[in-house]
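# Close look at the chain arrangement
Each chain, letter by letter, is given below.
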Amino acid sequence: MSNLAMSQRYVFTFVALVLAVLMSAQIDTQILVSEQLSLLMNFSDRLTLADNFDAIMFVESQLPRIVMAIMVGAMLGLVGSLMQQLTQNPLVSPMTLGTASGAWLALVVMNVWFPSYVGDYAPIAALIGAMLTLGLVILIAGVRNLAGLPVVLAGMAVNILLGAIATAIILLNDQYAKNLFIWGAGDLAQNGWAQIQWLLPKLSVAVLIFIFAPRILALLRMGQASASARGLNIIPAILGLFAIGLWLIAASITSVGVISFIGLLAPNIARQLGARTPKDELFYSMLLGGLILVLTDALAVGLSVLTFDLVPSGTAAAFIGAPALIWFTRRKLSAQDQLSFSMPKSHYVMSQAKLMVLVAGLVLLGLFTTIFNQVTVAQDVSSAQDIIWTWAIPDAFGWQIQWPRLLTAASAGAGLAVAGVLLQRLIYNPLASPDILGISAGATLALVGGAIFVGLNIFSTAPAIAFLGSMSVLAILLVLGKRHHYAPSMLILIGIALTALIEAIVQFALAKGDETSYIILSWLAGSTYRVTPSSALTLVAMVIGLIGFALVTCRWLTLISTGREFAKARGLNVPKAFVLLLSCVALLCAAVTATMGPVAFIGLLAPHMAVILGAKKVEMQLPTAAVLGAGLMVFSDWLGQNLVYPSQIAAGTIVSVVGGIYFILLLLQGRRSMN
């Protein structure tokens, strides 16, 4: 595209930004445009001229909010373009690399344990968290895979892992973390100009990007070998630019919280509109980032006025960005993105006798977790209390509390494990699991959305609503993934987008900061704490029935696993069997999520563990995975109850940490096998 045409694009986008600012300034204000202009023209005397409440709100709240949106949006767009050009990967952004989660965890740790340092060192803590996360993601994916899907998968795994840790810290220290809810949702609201004055100097380092980045990025486009031949010291150059970008992100999100997708959207739109040179893409992405965030924030403010409730800017950004991510991923994926992942290798063979040993082990584990626990005992000489480990059969009251939790954990683990086996075989994807693909998140969205907008009790809502959410996500996956033959890359990226959208809804609920926030957060952690006897028995009955259906139809699964054409030649009605088995997956996810909340990674871990033990055939893998999943959940629930006694960590959090580490190791193994 000619320089003249690109200049016209700049002018058009700048005019659009000015119009967006003018439009945003008219939302929720009572002062006339002429008075607004007068206040702007005499900005130094704005407080003297502001002779009424509406005028004061305009100059001390609305105007700095618009300026903050321009500044932060511009930085997110600029850093997104920088990251995408450095990695040559259009799906890379602070969100998909997990750096935002690293910054979030660092700020959670600082707010809980070092609150006196928050005012002075929060940006540095966020920067350290983001840089450590980026280093971990690159270590997992490998430098050579920055341009492909592995770096996005690694970012997703690290994101889930760090998110689970941050959630556990917040739940254990809720009295110190209340101010983090609105930060996690991303909010641009301002009370004066102090925050702008604090942030502006920290963003001035962006000048270094425009000084050094264009030449470096132009050389990198020629290939690393050519760039080195022309004198570029590649590793220091890339690390230096990444450090500057992460500083800008850390400073921005320290001020306004996590706002996703702007850094992903702006560079992709810039390229679609004709930005070809590195310098053009950087400038245009920065301009578009400011425009997108101003429009997004205007939408959030407008919705807040209409609904009489706070709608965080980050929530509005996710509603726009998640569909956009799906749109961008629907384009033809590169060969590197089609990397395949195989199941773990095993020399063992699972038999009926070994399966019975596993079942016996599960029974013994249930007995062990029932009678060996920590308890609080009062001392004789004072009112002080000791915490000791003890072997004791629970009394009637203790048993009434323990058996619903035990049954729920075992049923949830078994159900999600079987769901994972079904998914992995139906779509020929060993990385498939209900949480990674967003199916469990669909159930979460339905239940949390019902709690927020309809006032449903999240702990007593019928599983039918959760099933509707799971089936909706499943239908979206099937429709959007069909074009790419349900390739791992496509399905996982769609799952990331849907999960991000659902997390935005959750953050919207948490941003209210009332008691409901903690109820929803504790439920989202995946805990058996609030399970009632009736809900536990209902879950057991549903899981047994659905696993029974899966075992009865395991011939269908065997044939489909071999190949759809082969199954059709053997007389199987493949579409009917496919839909029925996927419905079984959705029902299992819905039943578990409705009872104890979302639980990550069981659907990935248990099927792989079953294969490692030699259960390679469907009729063996299903029951073996069910037993292993049940055991893993029971042990995780027991560990969560005793690890920080008398406080508790949700079983879902424990499993997320263990599963996240396993997923990372799986990606590392896949990278080694490709080298």
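Reference entry: report on the structure contained in this document. (Residues numbered from 1 in each chain as written. Predicted model: local features only at pLDDT ≥ 70, side-chain atom pairs only at ≥ 80, totals over all residues. Heavy atoms only, no water.)

## Remarks on the overall build of the protein
Scanning the protein from terminus to terminus reveals 28 helices and two strands. When the 675 residues of the protein are sorted by exposure, 57% land in the buried category. Looking at the protein alone, contacts between residues at least 24 apart form 78% of all its contacts between residues at least 6 apart. Within the structure as shown, the protein displays about 28,500 Å² of accessible surface, and the carbon and sulfur contribution to it stands at 67%. (Helix = DSSP H or I, 4+ residues; strand = E, 2+ residues; numbered from the N terminus. Buried < 20%, exposed > 50% of the residue type's maximum accessible area, 1.4 Å probe, protein only. Contact = heavy atoms within 4.5 Å. Areas by Shrake-Rupley, 256 points an atom, 1.4 Å probe, with all protein chains shown as cover.)

## Concerning empty space enclosed by the protein
This model, assessed by the stated rule, comprises five cavities of 30 Å³ or more. In terms of lining residues, the second largest cavity is bounded by Thr369, Thr370, Asn373, Gln402, Arg405, Leu406, Ala409, Val634, Asp637, Trp638 and Gln641. Of all the secondary-structure elements, those providing two or more residues to the lining of the second largest cavity are helix H16 (352-371), helix H17 (396-426) and helix H27 (618-642). Within the lining of the second largest cavity, the residues separate by chemical class into four nonpolar, five polar and two charged. (1 Å grid on protein atoms, 1.4 Å probe; cavity = no way out; pocket = protein on both sides within 12 Å on 5 of 7 lines; lining within 4 Å. Points joined across faces, edges and corners; volume = space filled by probe spheres on them. Nonpolar A, V, L, I, M, F, W, Y, C, P; charged D, E, K, R; others polar.)

## Side note on the pattern of salt bridges
The final tally for this structure, using the stated rule, is four salt bridges. Here Arg65 makes a salt bridge to Asp297, at a shortest N to O gap of 2.7 Å. Pair noted here: Arg65 is in helix H4 (residues 53-87) and Asp297 is in helix H14 (residues 278-307), with a separation of 232 residues, a long-range link. You can call Asp297 buried: its relative accessible area is 2%. Notably, a salt bridge pairs Glu281 with Arg221, separated by 3.5 Å at the nearest N-O pair. Residue Glu281 is located in helix H14, and its partner Arg221 is located in helix H10 (residues 206-221); the two are separated by 60 residues in the primary sequence. Given a relative accessible area of 2%, Glu281 falls into the buried group. (Salt bridge = Lys/Arg side-chain N within 4 Å of Asp/Glu carboxyl O.)

## So, the packing of aromatic side chains
Enumeration according to the criterion identifies 12 aromatic pairs in this entry. Taking the centre distance of 5.4 Å and the plane angle of 40° together, the rings of Phe368 and Phe372 count as tilted. Looking at Phe368, the relative accessible area reads 28%, which means it is partly exposed. With a relative accessible area of 17%, Phe372 lands in the buried category. Ring pairing ties together the aromatic residues Phe368, Phe372, Trp389, Trp391, Phe635 and Trp638, which thus form one cluster. (Phe/Tyr/Trp six-rings, centres within 6.5 Å; stacked < 30°, edge-to-face > 60°.)

## Remarks on unusual backbone geometry
Although it is not a glycine, Gln88 adopts a positive phi angle of roughly 55°. Along the chain, the position of Gln88 falls in the loop between H4 and helix H5 (99-113). The class of Gln88 is partly exposed, set by a relative accessible area of 42%.

## Some remarks on the packing of H17 against H27
Running from amino to carboxyl end, H17 crosses H27 at an angle of 140°, the nearest separation of the two axes being 7 Å. In terms of orientation, H17 lies oblique with respect to H27. Read as a crossing pair, H17 and H27 show a hand that is right-handed. Side by side, H17 and H27 meet where Arg405, Leu406, Ala409, Ala410, Gly413, Ala414, Ala417, Val418, Val421, Leu422 and Arg425 of the first sit next to Val618, Gln621, Leu622, Ala625, Ala626, Gly629, Ala630, Met633, Val634, Asp637 and Gln641 of the second. Grouping the amino acids of the contact of H17 with H27 by side-chain chemistry returns 15 nonpolar, four polar and three charged. (Axes fitted to C-alpha atoms, helices over the stretch in contact; angles between N-to-C directions. Parallel < 35°, antiparallel > 145°, perpendicular 65-115°, else oblique. Left-handed = near helix turned anticlockwise from the far one by under 90°.)

## Quick notes on the nonpolar core
Within the largest apolar cluster, 172 residues are counted, with the highest numbers of intra-cluster contacts made by Leu248 and Leu422. At 17 residues, H4 tops the list of elements feeding residues into this core. Listed in part, the 10 residues of the second largest apolar core include Leu447, Ile505, Ile520 and Ala594. (Core = buried A, V, L, I, M, F, W, Y, C linked by side-chain atoms within 4.5 Å.)

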